[in-house]
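Below, each chain spelled out in residue letters.
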Amino acid sequence: MNNKKVTYLVVGAAVLAALVIGFVVQWSQVKGDPSTDLTKRLGAWTAAFCVFAVLSYLYAENAVYRLFEHALLGFGTGMGIALTIQEVIIDKWWVPIVAAVKAFSAGTQTGQSYYDICLIFAAFFGMLMYFQFSKKYLWLSRITIGITAGMGAGLAIKGTAITMMPQITSTFKMFILRPSLAPNLSAAGQGLYMVESFLLILVVCCVLYYFFFSFRRDSALAKAPANLGRFFLMISFGAFFGNTFMTRVVLLIERIQFLLHDWLMVN
């Protein structure tokens, strides 16, 4: 066993021992409080240990971090399977089919009953996916894959159109705002609107011009709009990166609050 593994084992054992000792000491102090019980405190300390195990990656990638990483993936996969069984297979497939069969048996079927009874075919196409484990009948699974890919492409095109069309139409701005469209807008407001419209059109045109590669940009006049469009793109990417960074900071703050309030019980 090399020195690196020995260091990891010593550090892990020390952290675990410190957590156990701290739990015992804290439990001896709060055991008289009826609002705290052994289950809550044990859960808080277990969660705190998991947080420190994940944060140990900041020092170096180690076996403890990999263990909890795989455990998180396993828990996520298991929870996903449980949710799929309960919320999809049972709630959205089995329950509607049973209700439709009962409605047909009692003669009280409705239009929804005809739709629900057709969900039986969904199980048929779903079972075809398992023919991927057979070399001889592999082609049967491609039927379901083709249907799924086609539906996914159609929904993606629809979602893109719904998302992008309002953004495209919003780029069409008037330089001069007619008083009839904004009767309560002052002259200063109209001037500000004209400036905003000009900047928006300038940014859109420069960014689109940056992606035109059909002709050469030899002169400085031809390069200027492209460079300006690249500058605007960098600002946009920086804003996206800042938003992503702030999201991670919010998650870190939430974990710190958990360690302070739920673990160390600092008010």
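Criteria and thresholds
- Numbering of residues starts from 1 in every chain and runs along the sequence as written.
- In keeping with the model being predicted, local features are shown solely for residues with a pLDDT of at least 70 and side-chain atom pairs are shown and tallied solely at 80 or more, while totals for entire chains, interfaces and linings include all residues.
- Each side-chain value is worked out from all heavy atoms of the structure, with water and hydrogens disregarded.
- Only DSSP runs of H or I with at least four residues qualify as helices, and only runs of E with at least two residues qualify as strands; both kinds are numbered from the N terminus onward.
- Buried means the residue's accessible area, taken with a 1.4 Å probe over protein chains only, is under 20% of the maximum for its type, while exposed means over 50%, and partly exposed covers the values in between.
- Should any heavy atoms of two residues lie within 4.5 Å, those residues are considered in contact.
- Note on areas: Shrake-Rupley with a 1.4 Å probe; residue coverage comes only from the protein chains shown.
- Buried residues of nine kinds, namely Ala, Val, Leu, Ile, Met, Phe, Trp, Tyr and Cys, make up a nonpolar core once their side-chain atoms join them within 4.5 Å.
- Candidate patch residues must exceed 30% relative accessible area and have no salt bridge, after which like charges are joined if within 9 Å and Val, Leu, Ile, Met, Phe, Trp or Tyr side chains if within 5 Å.
- The term salt bridge refers to a side-chain nitrogen of Lys or Arg lying within 4 Å of a carboxyl oxygen of Asp or Glu.
- The way it works is a 1 Å grid over only the protein atoms, where trapped points that fit a 1.4 Å probe form a cavity and open points with protein on both sides within 12 Å along at least five of seven lines form a pocket, and then any residue with an atom within 4 Å of a point lines it.
- Grid points are joined across faces, edges and corners, and a volume is the space filled by probe spheres set on the points.
- Classification convention: Asp, Glu, Lys, Arg as charged; Ala, Val, Leu, Ile, Met, Phe, Trp, Tyr, Cys, Pro as nonpolar; all other residues, Gly among them, as polar.
- The axes used here are C-alpha line fits, helices contributing only the stretch in contact, and every angle between their N-to-C directions lies in the interval 0 to 180 degrees.
- These descriptions rest on fixed angle ranges, namely under 35 degrees for roughly parallel, over 145 for roughly antiparallel, 65 to 115 for roughly perpendicular, and the rest for oblique.
- One fewer than the residue count of a helix, multiplied by 1.5 Å, yields its expected span.

Asks: Honestly, the overall build of the protein in this entry has me stumped. Any pointers?
Replies: The helix and strand inventory of the protein stands at 8 helices and 0 strands. Along the chain direction, N to C, the helices and strands of the protein fall in the order α-α-α-α-α-α-α-α. Relative to its full complement of 267 residues, the protein shows a buried share of 15%. When contacts within the protein are restricted to residue pairs at least 6 apart in sequence, long-range pairs at least 24 apart make up 36% of them. Accessible surface, the protein as shown: approximately 20,400 Å² in total, 73% of it carbon and sulfur.

Asks: Could you clarify how one ought to interpret the nonpolar core in this entry?
Replies: Burial of nonpolar side chains together is a common tendency in soluble globular proteins. Within the largest apolar cluster, 6 residues are counted, these being W45, A48, V51, F258, L259 and W263. For this core, the secondary structure elements donating two or more residues are α2 (38-55) and α8 (220-263).

Asks: Help me understand a nonpolar patch on the surface, please; the structure alone is not making it clear to me.
Replies: Together, F52, L55, L58, L252, I256, L260, L264 and V266 give the surface a local cluster of nonpolar side chains, amounting to about 680 Å² of exposed area. Every element with two or more residues in the nonpolar patch is listed here: α2 and α8. Sorting elements by how many residues they give to the nonpolar patch places α8 first, with 3 residues. Locating V266 in the fold gives a position in the segment after α8. A residue is classified by how much of its surface remains accessible, and V266, at 39% relative accessible area, is partly exposed.

Asks: Can you help me understand the environment of V203 in this one?
Replies: Considering the arrangement of structural elements, one finds V203 in helix α7 (residues 187-210). A residue is classified by how much of its surface remains accessible, and V203, at 28% relative accessible area, is partly exposed. In this structure, the C-alpha to C-alpha distance between V203 and T171, residues 32 residues apart in sequence, is 9.9 Å.

Asks: How do you make sense of the layout of surface pockets when you look at a structure like this?
Replies: Unoccupied space between atoms shows up once a probe the size of one water molecule is rolled over them. Roughly 360 Å³ of volume is contained in the second largest pocket. Every residue lining the second largest pocket is counted, 13 residues in all, and those nearest its centre are C50, V51, V54, L55 and R255. Those elements giving two or more residues to the lining of the second largest pocket turn out to be α2, α3 (63-106) and α8. Counting residues per element, the lining of the second largest pocket draws most heavily on α2, at 5 residues. In terms of residue class, the lining of the second largest pocket is made up of 11 nonpolar, no polar and 2 charged.

Asks: What exactly am I supposed to notice about the packing of α7 against α8 here?
Replies: For any two helices packed against each other, the geometry is given by the interaxial angle and the distance between the axes. Packing of α7 against α8 brings their axes to within 7 Å, and their N-to-C directions diverge by 105 degrees. The angle between α7 and α8 falls in the class roughly perpendicular. In this structure, α7 contributes L202, V203, C206, V207, Y209 and Y210 to the contact, and α8 contributes A222, P225, A226, L228, G229, R230, F232 and L233. Looking at side-chain class alone, the contact of α7 with α8 contains 12 nonpolar, 1 polar and 1 charged residues.

Asks: How should α7 be read in this particular structure?
Replies: Counting along an α-helix, one turn takes 3.6 residues, and residues three or four places apart therefore face a common direction. Taking 1.5 Å per residue, 24 residues should reach 34 Å; α7 reaches 35 Å between its end C-alpha atoms and fits that length. Burial in α7 covers these residues: G189, S197, C206, V207 and Y209. The elements touched by buried residues of α7 are α8.

Asks: Any chance you could explain the pattern of salt bridges here in plain terms?
Replies: It is possible for side chains bearing opposite charge to pair when their charged atoms get close. In the structure shown here, the tally under the stated rule is 3 salt bridges. A salt bridge links R66 to E61, with the nearest nitrogen and oxygen atoms 3.8 Å apart. For D218, the salt bridge goes to R216, with nearest N and O atoms at 3.6 Å.

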